[in-house]
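The chain contents come next:
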Amino acid sequence: MLSALLFLASYWLIIIPTEAFQVRDATFSACRTHHQSAANTFDLPTISKYESAAQLRSITFRNIDKENEPDILCDFLLELGACSVSMTDADRDTEMEEPMFGEPTFNEDERLLWLPPVWNHCHVTAHFPASTRLETLVETVQDFLGSDHPTLSYQLEVVPNRDWIVHVQQSWKPIVVANRFLLTFPWHNQTQIQNDYNMDRLIPLTLQGGVAFGTGEHPTTQLCMEWLSMPENIPSSDDPLVFLDYGSGSGILGMAAAKIHPQLSTIIGIDLDVDACLIANANARINQIDMRNYLPPLEWWFVKNKEGNEDNEVNESKSLVYKAYARVGDHSEVVWSSDEGDEQVSPFPLCDVCVANILAAPLMQLAPLLLKLLRPGAKLGMSGILVSQEENVIRAFEEAGFVNVHRPQPVQAGWILLQAEKP
């Protein structure tokens, strides 16, 4: 029965107009019938009849209370023919805003403190083709919401025709990080960069656009790059040094370390995502840096704790590693292997320096493993940690065997970096 009603609703909503769809009047009559809010906007830019067939309209239903289940409204709008639907927090950047979710921790009571009711009011935005009769759409949505939502506030816009790939690329400007690195993307004009930035003091790094995390904008990435820029954190040595970027994403941290510390002879990135490893390897080639990125070797997930038993907390993550290996396919270059043959798992070189920009919970789980991967005296810089999580992370790394665990840098936007050493 419901599917039949939805079919009938979509039939009446989608018609092919004989003239270009233009909204001239200040209001639709349907809006007056359904208690139109003063916040509604109905004036749309005039478009030609040649553009009308391809022009999208955006309609945003505002301040939908969570009790009215805005996610169901999203599904309903898709059934009515929406090309796309999105939902945003109506209370964002106001005193009413609440965290969307909290990071899992090992303390259930603490975890629940991070999970208050979320997104109490939502804006639901849908895009429809020009052939949609938005007056009828509003009536249908009002009937769908019923008497529980007597005042329907919404806003209409015409979505401009543009090359969205170029538009998004133009929004990504070069980024200066730690007053030392200039992060650019392949589409940036190099002549313009030379004119706009003092390249005598900046080290350029080029990143591809892709699915790998790490563009330099996030405070945790900037904290790590600042930490890497401190010469006391990277040993001065005539011997070759091994650097490990755990959770490498785009490879930005390993590449930054390579640019400023030539004593690092071996630079390795580890990530659980095959695509991230491939993108990071491509970024390293673009920047002419000898960095290789791999999935975590399977042997790492059989870590013994101080009592000599298998570490259950680490082994809980083995399923994620197995899923990652299931996606390797023909990309065997992301699987760590020795130089002596086809063996896929081999002894991993102990690291002189490690940086891990992940999140607090997985960092605490990984503490015994990270200790195992470092040489005695090696330093670890780790971020993805909120100020409120600092004590728990310090405790976890001290219990794993690390020493001198502390915060060497100021807080950035609520995030911190912690430093630790292997005795």
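Before any of the text, the structure's been laid out above.
Residues numbered from 1 in each chain as written. Predicted model: local features only at pLDDT ≥ 70, side-chain atom pairs only at ≥ 80, totals over all residues. Heavy atoms only, no water.

Any chance you could explain the sheet that holds strand 4 (residues 153–159) here in plain terms?
Sheets are built from strands that pair by backbone hydrogen bonding, the pairs being arranged parallel or antiparallel. Judged by pairing direction, the sheet is antiparallel, and its 4 strands sit side by side in the order 2-3-1-4 without closing on themselves. Across the chains shown, the open sheet's two edge strands, defined by having one partner strand only, are strand 2 (84–89) and strand 4. Taken over all neighbouring pairs, the strand axes of this sheet differ in orientation by 20° on average, direction set aside. Both strand 2 and strand 3 (residues 121–129) contribute to a ladder of 6 bridges, which runs antiparallel. Within strand 3, the residue paired with Asp-89 across the bridge is Cys-122. Across the sheet, helix 6 (residues 134–145) lies against strand 1 (56–65), strand 3 and strand 4, angled at about 20° from strand 1, the strand it touches most. (Pairing = 2+ DSSP bridges. Helix = DSSP H or I, 4+ residues; strand = E, 2+ residues; numbered from the N terminus. Axes fitted to C-alpha atoms, helices over the stretch in contact; angles between N-to-C directions. Contact = heavy atoms within 4.5 Å.)

Help me understand the sheet that holds strand 13 (residues 403–406) in this model?
With mixed pairing, the 7 strands of this open sheet are ordered in space as 10-9-8-11-12-14-13. For this open sheet the edge positions go to strand 10 (291–294) and strand 13, each flanked by a neighbour on one side alone. The mean inter-strand angle of the sheet, taken between neighbouring strand axes irrespective of direction, is 15°. Pairing geometry for strand 11 (residues 351–357) and strand 12 (residues 374–386), over 6 bridges, is parallel. Residue Val-355 lies in a different strand from strand 12, and its bridge partner there is Gly-381.

Just checking my understanding: could you explain unusual backbone geometry for this structure?
One non-glycine residue, Ala-178, lies in the positive phi region at around 55°. Within the element layout of this structure, Ala-178 appears in the loop between strand 5 (175–177) and strand 6 (181–184). Using a relative accessible area of 22% as the deciding quantity, one classes Ala-178 as partly exposed. Even without glycine at this site, Gln-288 takes up a positive phi of about 55°. Structurally, Gln-288 is set in the loop between helix 11 (274–286) and strand 10. A residue is classified by how much of its surface remains accessible, and Gln-288, at 75% relative accessible area, is exposed. (Buried < 20%, exposed > 50% of the residue type's maximum accessible area, 1.4 Å probe, protein only.)

Looking at this model, I keep getting lost on the packing of aromatic side chains. Mind explaining?
In this description, an aromatic ring pair is defined by two values, namely the gap between the centres and the angle between the planes. Enumeration according to the criterion identifies 5 aromatic pairs in this entry. Considering the side-chain rings of Tyr-294 and Trp-336, the 5.0 Å spacing of their centres and the 80° angle between planes classify their relative orientation as edge-to-face. Here the residue Tyr-294 occupies a position in strand 10, and Trp-336 occupies one in the loop between helix 13 (318–326) and strand 11, the gap between them amounting to 42 residues. Grouping residues by exposure puts Tyr-294 and Trp-336 together as buried. (Phe/Tyr/Trp six-rings, centres within 6.5 Å; stacked < 30°, edge-to-face > 60°.)

Looking at this model, I keep getting lost on a negative patch on the surface. Mind explaining?
Side chains of Glu-67, Glu-69, Asp-71, Asp-75 and Glu-79 sit close together on the surface and give a patch of like negative charge. With respect to the secondary-structure elements, Glu-67 resides in the loop between strand 1 and helix 4 (70–79). The class for Glu-67 is exposed, based on a relative accessible area of 62%. (Patch = residues over 30% accessible without salt bridge, like charges linked within 9 Å, V, L, I, M, F, W, Y side chains within 5 Å. Areas by Shrake-Rupley, 256 points an atom, 1.4 Å probe, with all protein chains shown as cover. Salt bridge = Lys/Arg side-chain N within 4 Å of Asp/Glu carboxyl O. Lys, Arg positive; Asp, Glu negative; His and termini not counted. Charge placed at Lys NZ, Arg CZ, Asp CG, Glu CD.)

Looking at this structure, how should I read the nonpolar core?
Considering soluble globular proteins, one finds that nonpolar side chains tend to be buried as a cluster. Core analysis: the biggest nonpolar cluster contains 36 residues, and Leu-244, Tyr-246, Phe-348, Leu-380, Met-382, Phe-397 and Phe-402 have the highest contact counts within it. Contributions of two or more residues to this core are made by strand 8 (241–246), strand 9 (264–270), strand 11, helix 14 (360–373), strand 12, helix 15 (390–400) and strand 14 (415–421). For this core, the element with the highest residue contribution is helix 14, accounting for 9 residues. In this structure, Phe-402 is in contact with Ala-367, Leu-370, Leu-371, Leu-374, Leu-380, Phe-397, Ala-420, Glu-421, Lys-422 and Pro-423, ignoring residues within four places of it in sequence. The next biggest cluster of nonpolar side chains, apart from the first, holds 32 residues, and it includes Val-177, Ile-203, Leu-205 and Ala-256. (Core = buried A, V, L, I, M, F, W, Y, C linked by side-chain atoms within 4.5 Å.)

Looking at this model, I keep getting lost on the pattern of salt bridges. Mind explaining?
Side chains carrying opposite charge are able to pair once their charged atoms draw close together. Per the counting criterion, the structure on display carries 3 salt bridges. Between Asp-352 and Arg-375 there is a salt bridge, and its shortest N-O distance comes to 3.3 Å. Of this pair, Asp-352 sits in strand 11 while Arg-375 sits in strand 12, and the two are 23 residues apart along the sequence. Across the salt bridge formed by Glu-390 and Arg-407, the nearest N and O atoms sit 3.1 Å from each other. Taken together, the residues span a long stretch of sequence, with Glu-390 in helix 15 and Arg-407 in the loop between strand 13 and strand 14 at a distance of 17 residues. Classification of Arg-407 by relative accessible area gives partly exposed; the value is 34%.

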